[in-house]
Amino acid sequence: MYSKLSSGGTLLASMPVRVITYATVIEITTVILVSYTISVAMGHVPLWLPMISDCAVKAPEMFIFRYGMLVGASILACNFLVVYSATKASYRHGAKLCLALGMVASFCFGLLTAVNEDEISHVHGVAAGLFFVCYLVYMIITSYYGHFDPRVSKSSLNVKRITTIIEAISIFTLAALSSDWSKHHTAIAVCEWTAVAMIQVFNFSFVKDLAGTRLDEVGSVGVTYHVKLQENFV
C-alpha cells in the first residue's frame, strides 16, 4: 500500500537515511583504495606513500578515480542535504551554514577529481585546499551544534570532536610542510591520507545519529520522492 503525504502526494518508496551515509563512505573509500592498489601494482606510485591524487594521474587508474569520485561527490552532496534536513531544528542558524559549506566542499571535491594535478595544477590545488578548509569548518560547527541534538549520543559526539581535532592538526601540518614539497613529500602524503580518513570516520558517525530516520521523515529539500496521482490519469 502507498502512503499519503501531507503535501498531497503519494509516497512510492522510502529508505533509511543512513543508507546514503553508508554509500558516501563506502563508495569514496573503495575508489581511493582501488586506485591506489592499481597505481602501486602498475609501478606508477610507490607503496609508501603517494599522495592520493598521484593515484589519479596515469591510465588505467585515472579513469576509475575520476568517474568514481565524481559519483562520490554527488552522493556526498546528497548526504549533506540529508544531514541538514534531519538536524536543522537542533542546529538552528548553523544548519544553513553547514549546508552551504557542504555544497561548496562537494563541488570542490568533484572539481579536484575532474582536473588532476598534471592537467591544470593550480585548479586542482585550489579545489583541494577549499575542500579541506570547508570540510574542517563544517566539522567544527557540526561538532559544536551536535551537543544540542538529542539524537547525537555522547560516543558519537566524542567521535566528531576527536576526528575534528585530528583533521585540524593534519591540515595545518600539511600547509606548514608544503613550503618544501620535495623534502616533506611523504609527511605531506601522511597528512593528506589522515585528513581524508578523518572525514570518512566523521561522516560515518552520522549512521548512529540518523538510525531509524527515513527519507520521507526528514523534511522537504528534494530528498523525499513522491508523485501526484492525477485524477484523470489515462
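Everything that follows concerns the structure shown earlier in this document.
Here is what the cut-offs are and how they apply
Residues numbered from 1 in each chain as written. Predicted model: local features only at pLDDT ≥ 70, side-chain atom pairs only at ≥ 80, totals over all residues. Heavy atoms only, no water. Salt bridge = Lys/Arg side-chain N within 4 Å of Asp/Glu carboxyl O. Buried < 20%, exposed > 50% of the residue type's maximum accessible area, 1.4 Å probe, protein only. Helix = DSSP H or I, 4+ residues; strand = E, 2+ residues; numbered from the N terminus.

**A short note on the pattern of salt bridges**
Consideration 1: Going through the model one piece at a time under the given rule, you end up with 3 salt bridges.
Consideration 2: Measuring nitrogen to oxygen at the nearest pair gives 3.5 Å for the salt bridge that ties aspartate 149 to arginine 151.
Consideration 3: Relative accessible area serves as the criterion here: at 31%, arginine 151 is assigned to the partly exposed category.
Consideration 4: The salt bridge partner of lysine 160 is aspartate 209, with a shortest N-O separation of 2.5 Å. With lysine 160 in helix α5 (residues 154-177) and aspartate 209 in helix α7 (residues 206-209), this pair connects stretches of sequence that are 49 residues apart. The pair formed by lysine 160 and aspartate 209 is uniform in burial state, with each residue classed as buried.

**Side note on unusual backbone geometry**
Consideration 1: With an omega of -20°, the peptide bond between tryptophan 48 and leucine 49 qualifies as cis.
Consideration 2: Here leucine 49 shows up in the loop between α1 (18-41) and α2 (61-91).
Consideration 3: With an omega of 5°, the peptide bond running from alanine 59 to proline 60 counts as cis.

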